[in-house]
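# Architecture at a glance
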Amino acid sequence: PRRLAMSDQPSTRFDPLPAALQTHLQHRRPLIAARVAVGFPTLPVQWPLAATTLQRVVDAELIDRDDCDGWEALGVAFGDTLAQRVPGLAWMQVTDAWGIDAVLRYADSSLQIGASTLLLKRVEQGEVIDIAHLLAWLEEFVATRADDYA
């Protein structure tokens, strides 16, 4: 098959989150907060959730493997936690060859993190989800590689 020249590549566009996507993310957060409250009644639910709390949700299997909404919600919580830890990351709408989605974008660069997709892909592939490792890896990646996406 013919390789696409750079000029043939569909462009990636970032925009502020429109109201509908903001609302969608806002409705995901209480889904995880509720699961934490039910699963761990003595644990304080404060936002963004601590990495250890996110890991407890994974380890206790509070989200079924095939519960895409649940994993998307955990991805939003994970993204909020990551954004608090990495200055310059913010939720944005991305439009690209794969469609439209909410991602974390670093500053004005092209570096983007699909937090929900990142978790969901690991679940689909049967991989162990280590929240602390993922957060540390992404923090390191942004710190050392963001300039590659300028």
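For the structure itself, consult the block above.
Predicted, not measured: the structure shown is a model, and the values here were computed from it.

Attention now moves to the overall build of the protein. Helix and strand counts for the protein stand at 5 helices and 4 strands. Ordered by position from the N terminus, the helices and strands of the protein form the series β-α-α-α-β-β-β-α-α. Against the 2.2 N^0.38 benchmark of 15 Å for 150 residues, the protein shows a C-alpha radius of gyration of 16 Å, consistent with a compact globule. Based on the C-alpha atoms only, the size of the protein along its principal axes is roughly 55 × 30 × 30 Å. The proportion of buried residues among the 150 residues of the protein is 40%. In the protein, of all internal contacts separated by at least 6 residues, the share reaching a separation of at least 24 is 59%. Averaging the positions of the 13 positive and the 20 negative side-chain charges in the protein gives two centres separated by 3 Å.

Attention shifts here to the sheet that holds strand β2 (residues 89-96). An order of β1-β2-β3-β4 is seen for the 4 strands of this open sheet, with the pairing classed as antiparallel. Taken across any chain shown, the strands that pair with only one partner, and hence form the sheet edges, are β1 (13-15) and β4 (112-113). Where strand β3 (residues 99-106) and β4 come together, 2 bridges link them in antiparallel fashion. Across the sheet, R105 pairs through a bridge with Q112, a residue of β4.

Moving on: the pattern of salt bridges. Taken as a whole and judged by the stated rule, the model has 9 salt bridges. Here E72 makes a salt bridge to R28, at a shortest N to O gap of 3.0 Å. Placement of the pair is E72 in helix α3 (residues 68-85) and R28 in helix α1 (residues 19-39), with a sequence separation of 44 residues.

Definitions and limits used
Residues numbered from 1 in each chain as written. Predicted model: local features only at pLDDT ≥ 70, side-chain atom pairs only at ≥ 80, totals over all residues. Heavy atoms only, no water. Helix = DSSP H or I, 4+ residues; strand = E, 2+ residues; numbered from the N terminus. Rg over C-alpha atoms; globule rule 2.2 N^0.38 Å. Buried < 20%, exposed > 50% of the residue type's maximum accessible area, 1.4 Å probe, protein only. Contact = heavy atoms within 4.5 Å. Lys, Arg positive; Asp, Glu negative; His and termini not counted. Charge placed at Lys NZ, Arg CZ, Asp CG, Glu CD. Pairing = 2+ DSSP bridges. Salt bridge = Lys/Arg side-chain N within 4 Å of Asp/Glu carboxyl O.

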